[in-house]
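# Descriptive structure summary
The chain contents come next:
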Amino acid sequence: MAGRLFPALICALAAALSLPLPARADCVVLLHGLNRGPGSMSKIGDALKDAGYRVVNDGYPSGAARIEALAPRLNRMVAKCGAERVDFVTHSMGGIVLRAWLAKTRPANLGRVVMLAPPNHGSEVVDRIADWPGAEAFIGPAGMELGTGGIVRRLPQRADFDLGVIAGDRSVDPTRGWMFDGPNDNAVSVASTRLAGMADQLVVHRSHTFIMNAPQVIAETLVFLQTGRFSHADYGSDDGRDDTAEAGGEDPLGDLLGGLSGSGD
């Protein structure tokens, strides 16, 4: 029953913000984070479908290759959208994969992009663990690139596309606070999520692993895709507790030290 009610809740929140349904059948490509799978994006995908979008939620082997080798897989995902306008919603490393793809490919039908907890300037956690024995076996070649001095330095430093960023500021592991300067979601600092040229940013009281499941985050993603800005509305009872229910069977303990990009599904 809860699974049926959740999309209805999101639609109700969107309706409360006076959002129209998409004027046409826009297509949204979802990109999960490191060592995750399509199940991690299923809740936000269901809400998008209920709002009238066509959704492409394909997995990719995020732990098996470098980011620039993963990026061309977006060609096949975007091709499924045909001539429809194509929007993107990404979580964590998915945003960096998208930036690497957009640096070389620009579809004529590109719409808007919402990035959830993206390490746009790298993750301080990766900086700290990169020299640990077995680190690459743990986070894979792409994960090793996500430090503050990695691939993010080589990508364009300004968004020349319509971008909204949602960052979390809830750190569920107080022992990791020394890794960050300022607010963070346990994996990425709020400052690191920002990208010059973005149209808007929203900071929510969520941690990294399940940020995409929060009703507020899903509703605001719909707002941005339809208007190009977040509403920054007061969601009242959506009090900042991480929504781990129905998370595709994912184990938060499988996350990179409890917060970088999550486990597979």
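For the structure, see preceding data.
Owing to the predicted nature of the structure, the values given are computational and were not obtained by experimental measurement.

About the thresholds
Residues numbered from 1 in each chain as written. Predicted model: local features only at pLDDT ≥ 70, side-chain atom pairs only at ≥ 80, totals over all residues. Heavy atoms only, no water. Helix = DSSP H or I, 4+ residues; strand = E, 2+ residues; numbered from the N terminus. Buried < 20%, exposed > 50% of the residue type's maximum accessible area, 1.4 Å probe, protein only. Contact = heavy atoms within 4.5 Å. Pairing = 2+ DSSP bridges. Axes fitted to C-alpha atoms, helices over the stretch in contact; angles between N-to-C directions. Polar contact = N/O pair within 3.5 Å; in protein donor to acceptor, adjacent residues only side chain to side chain. Disulfide = S-S within 2.5 Å. Parallel < 35°, antiparallel > 145°, perpendicular 65-115°, else oblique. Left-handed = near helix turned anticlockwise from the far one by under 90°. Nonpolar A, V, L, I, M, F, W, Y, C, P; charged D, E, K, R; others polar.

### Here's the deal with the overall build of the protein chain
- Helix and strand counts for the protein chain come out as nine helices and six strands.
- Within the span of the protein chain, comprising 265 residues, buried residues form 57% of the whole.
- Taking contacts inside the protein chain between residues at least 6 apart in sequence as the whole, the part at least 24 apart equals 77%.

### What about helix α7 (residues 135-144)?
- For α7, the full list of buried residues reads A135, I139, G140, P141, A142 and G143.
- On the buried face of α7, the contacting elements are α3 (67-70), α5 (93-102) and α6 (124-129).

### Considering the sheet that holds strand β1 (residues 27-31)
- Strand order in the open sheet made by the six strands is β2-β1-β3-β4-β5-β6, with parallel pairing throughout. For this open sheet the edge positions go to β2 (54-56) and β6 (200-204), each flanked by a neighbour on one side alone. Between one strand axis and the next, the sheet turns through 20° on average, direction left out of account.
- The strands that helix α2 (residues 42-50) touches are β1, β2, β3 (86-91) and β4 (110-116); relative to β1, the one it contacts most, it runs at about 175°.
- Where α5 meets the sheet, its contacts fall on β1, β3 and β4, and the angle it forms with β3 comes to roughly 140°.

### A closer look at the side chain of N109
- Along the chain, the position of N109 falls in the loop between α5 and β4.
- Polar side-chain contacts of N109 include one of 2.6 Å to the backbone oxygen of E84.
- Excluding anything up to four places from it in sequence, N109 contacts G82, A83, E84, R85 and V86.

### What about the state of the cysteines?
- Scanning all chains against the criterion turns up one disulfide.
- A sulfur-sulfur distance of 2.1 Å marks the disulfide that ties C27 to C81. Taking the torsion about the sulfur-sulfur bond, which here is approximately -60°, the covalent link between C27 and C81 counts as left-handed. Taken together, the positions of C27 in strand β1 and C81 in the loop between α4 (74-79) and β3 put the pair 54 residues apart, joining distant regions of the chain. Summarising the burial analysis for this pair, C27 and C81 share the class buried.

### Focus on the packing of α2 against helix α9 (residues 215-227)
- The geometry of α2 relative to α9 is characterised by a closest axis approach of 10 Å and an angle of 50° between their N-to-C directions. Comparing the axis directions of α2 and α9 gives the class oblique. Note on packing geometry: the crossing formed by α2 with α9 is right-handed. Residue-level contacts link K43, I44, A47 and L48 of α2 to I218, T221, L222 and L225 of α9.
- Taken together, the residues of the contact of α2 with α9 break down into six nonpolar, one polar and one charged.

### Section: unusual backbone geometry
- For S92, which is not glycine, the phi dihedral falls at a positive 55°.
- Residue position: S92 is located in the loop between β3 and α5.
- Phi is positive for A117, which is not a glycine, with a value near 50°.
- The residue A117 is located in the loop between β4 and α6 in this model.

### Observations regarding the pairing of strand β5 (residues 162-168)
- The buried fraction of β5 amounts to six of the seven residues, a majority that puts the element mostly inside the structure.
- As paired elements, β4 and β5 share five bridges and run parallel to each other. Within the sheet, the bridge partner assigned to L116 lies in β5 and is I166.
- Note that β5 and β6 share five bridges and pair parallel. What sits directly across from V165, in β6, is Q201.

Interpretation in functional terms is not warranted from these geometric data alone.
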